[in-house]
Amino acid sequence: MKIGNKIKELRILKGLTQEELADRAELSKGFISQLERDLTSPSIATLVDILQCLGTDLKTFFNDSTDDQVVFHKNDYFEKEDKDLHNKIQWIIPNAQKNMMEPILITLEPGGSTYPDYPHEGEEFGYVLNGSVNIVIANKIYRAKRGESFYFEAKYEHHLESKKGAEVLWISTPPNF
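From a predicted model like this one, the values you see are computed outputs, not experimental measurements. (Residues numbered from 1 in each chain as written. Predicted model: local features only at pLDDT ≥ 70, side-chain atom pairs only at ≥ 80, totals over all residues. Heavy atoms only, no water.)

J.: Any chance you could explain the overall build of the protein chain here in plain terms?
T.: Along the backbone of the protein chain there are five helices and nine strands. Its helices and strands taken in sequence order, the protein chain reads α-α-α-α-α-β-β-β-β-β-β-β-β-β from the N to the C terminus. Rg of the C-alpha trace for the protein chain: 25 Å, well past the compact-globule value of 16 Å for 177 residues, more than 25% over. Expressed as lengths along the three principal axes of its C-alpha atoms, the size of the protein chain is roughly 70 × 30 × 25 Å. The proportion of buried residues among the 177 residues of the protein chain is 36%. As displayed, the protein chain has an accessible area near 11,400 Å², and 52% of this comes from carbon and sulfur atoms. Mean positive and mean negative side-chain charge positions of the protein chain (21 and 28 charges, respectively) differ by 6 Å. (Helix = DSSP H or I, 4+ residues; strand = E, 2+ residues; numbered from the N terminus. Rg over C-alpha atoms; globule rule 2.2 N^0.38 Å. Buried < 20%, exposed > 50% of the residue type's maximum accessible area, 1.4 Å probe, protein only. Areas by Shrake-Rupley, 256 points an atom, 1.4 Å probe, with all protein chains shown as cover. Lys, Arg positive; Asp, Glu negative; His and termini not counted. Charge placed at Lys NZ, Arg CZ, Asp CG, Glu CD.)

So, in structure tokens, the structure goes:
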């Protein structure tokens, strides 16, 4: 099994030279060089030491599979329509509440708005894809139109509204939708 390139990638990711890794693992620079070129193989104990110096372990190092989905398609989205507020919200990254941010797509019909979001720790970012919106923060109103973005700390009550309809990409951290 060839592991040299993977060790080299981890070493570079950690910002270490071959000599620094060798010193930390109490090995020679030549051994690390040969290992990274797959010219030699370490014992299990030596590999464990090297991986520990690189901040990982055997299980993680050899686990090539990842169940983290990277690309999401329209059929992955979760959608909620609110007829009273005349809006549709699409969670475009499913289960994003486990992440540091939560991107959603909001479609406001003419006269539509979002529910008021109460003050909380975190930040809000939005990008207007179509139409225009009023961003209501406490008692102030800010206007953003197609191609414009907005950002604010979420320490005041806030919501979006649109007289003529709009489509907004909204990213909230921490997730709170």
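J.: So what exactly am I meant to see when it comes to the pattern of salt bridges here?
T.: Two side chains bearing opposite charge may form a pair once their charged atoms approach each other closely. Applying the stated rule across the entire model yields three salt bridges. Between glutamate 81 and lysine 83 there is a salt bridge, and its shortest N-O distance comes to 3.8 Å. With a shortest N-O distance of 3.2 Å, lysine 145 and glutamate 148 are connected by a salt bridge. On the accessibility criterion, lysine 145 (48% relative accessible area) is partly exposed. What makes glutamate 148 partly exposed here is its relative accessible area of 29%. (Salt bridge = Lys/Arg side-chain N within 4 Å of Asp/Glu carboxyl O.)

J.: Sorry, what's going on with a nonpolar patch on the surface here?
T.: Side chains of Phe125, Tyr127, Leu129 and Tyr151 sit close together on the surface and give an oily, nonpolar patch of about 350 Å² of accessible area. Ranked by the residues each element gives to the nonpolar patch, the list is headed by strand 5 (residues 123–137), at three residues. Take phenylalanine 125: it is sitting in strand 5. (Patch = residues over 30% accessible without salt bridge, like charges linked within 9 Å, V, L, I, M, F, W, Y side chains within 5 Å.)

J.: So what exactly am I meant to see when it comes to unusual backbone geometry here?
T.: Cis rather than trans, the peptide bond between threonine 173 and proline 174 has omega equal to -10°. Take proline 174: it is sitting in the segment after strand 9 (166–173). The phi dihedral of aspartate 38 is positive, around 60°, even though this residue is not glycine. Among the structural elements, aspartate 38 can be located in the loop between helix 3 (29–36) and helix 4 (44–53). Within the chain, alanine 138 stands out as a residue other than glycine whose phi angle is a positive 55°. Assignment of secondary structure puts alanine 138 in the loop between strand 5 and strand 6 (140–145).

J.: In this structure, what is going on with the side chain of threonine 46? I would like to understand it.
T.: In this structure, threonine 46 sits in helix 4. Judged by its relative accessible area of 18%, threonine 46 is buried. Among the polar contacts made by the side chain of threonine 46, one reaches the side chain of serine 43 at a distance of 3.0 Å. Those residues in contact with threonine 46 that sit more than four places away from it in its chain are Leu27 and Phe31. (Polar contact = N/O pair within 3.5 Å; in protein donor to acceptor, adjacent residues only side chain to side chain. Contact = heavy atoms within 4.5 Å.)

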